[in-house]
Amino acid sequence: MKVRIKENAFVARLAAGKLKSSGAAIVFGSTIYLHNTTRQEFLNNTTWVCHELKHVHQYRHYGFVGFLFRYFFQWIQKGYYNNRFEVEARKSESDVSLLNGVEFI
Ligand SMILES: [Zn+2]
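Here the structure is a predicted model, which means the values were calculated and not measured.

**Observations concerning the coordination of the zinc ion**
Coordination sphere of the zinc ion, protein contribution only: H51 (NE2), H55 (NE2), E86 (OE) and E86 (OE), at 2.0 to 2.7 Å. What the four donor atoms of the zinc ion show is an angle range of 53 to 149° at the metal, which sorts the shape as irregular. Mapping the donors of the zinc ion onto the primary sequence gives the spacing H-x3-H-x30-E. Highlighted residues: H51 in helix α3 (residues 46-62) and E86 in helix α5 (residues 84-91), separated in sequence by 35 residues. Overall, the relative accessible area of 7% leaves H51 in the buried class. The buried category is assigned to E86, whose relative accessible area is 3%.

Shown next, in the form of structure tokens:
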């Protein structure tokens, strides 16, 4: 599976502003958009990589629109931290099997 990484991403900056964190990542489909962190810093942080890869899997499971739709309604109902896609991604942060077969491009 190819996963694209884009640094200095505007969409990630928007997410960072909302989450008030220094480094931020946001996933759309099979692309991880980074803000305020480098590709290398991100890749060195295995728990973070696994978290974002879980979101890539969620997109693949529900489809691009299907996932965004579900995520949006979870966000409205439960906010960021408690929405089930974030809960699931946090639980997967130590699941290094997510890295199997992943090629970062
Ligand atoms: Zn997340």
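**A closer look at the packing of helix α4 (residues 64-78) against α5**
The interhelical angle for the contact between α4 and α5, taken along N-to-C directions, is 105°, at an axis separation of 8 Å. Taken as axis vectors, α4 and α5 run roughly perpendicular relative to one another. From α4, F67, R70, Y71 and Q74 reach across to α5, where they touch R84, F85 and E86.

**Concerning the side chain of H55**
Residue position: H55 is located in helix α3. Of the residues examined, H55 reaches a relative accessible area of 6% and is grouped as buried. If we skip the residues at most four places from it in the chain, H55 touches V27, F67, F85, E86 and A89.

**Overview of the pattern of salt bridges**
Here the idea is simple: oppositely charged side chains can pair when their charged atoms come close. Per the counting criterion, the structure on display carries one salt bridge. A salt bridge links K2 to E103, with the nearest nitrogen and oxygen atoms 3.2 Å apart. Placement of K2 in strand β1 (residues 2-6) and of E103 in strand β4 (residues 103-104) is noted, with a sequence separation of 101 residues between them. Judged by relative accessible area, which is 41%, E103 ranks as partly exposed.

Thresholds, definitions, all that
Residues numbered from 1 in each chain as written. Predicted model: local features only at pLDDT ≥ 70, side-chain atom pairs only at ≥ 80, totals over all residues. Heavy atoms only, no water. Donors = N, O, S within 2.8 Å, 3.2 Å for Na, K, Ca; no water. Tetrahedral: all angles 85-135°; square planar, octahedral: opposite > 155°, others 65-115°. Helix = DSSP H or I, 4+ residues; strand = E, 2+ residues; numbered from the N terminus. Buried < 20%, exposed > 50% of the residue type's maximum accessible area, 1.4 Å probe, protein only. Axes fitted to C-alpha atoms, helices over the stretch in contact; angles between N-to-C directions. Parallel < 35°, antiparallel > 145°, perpendicular 65-115°, else oblique. Contact = heavy atoms within 4.5 Å. Salt bridge = Lys/Arg side-chain N within 4 Å of Asp/Glu carboxyl O.

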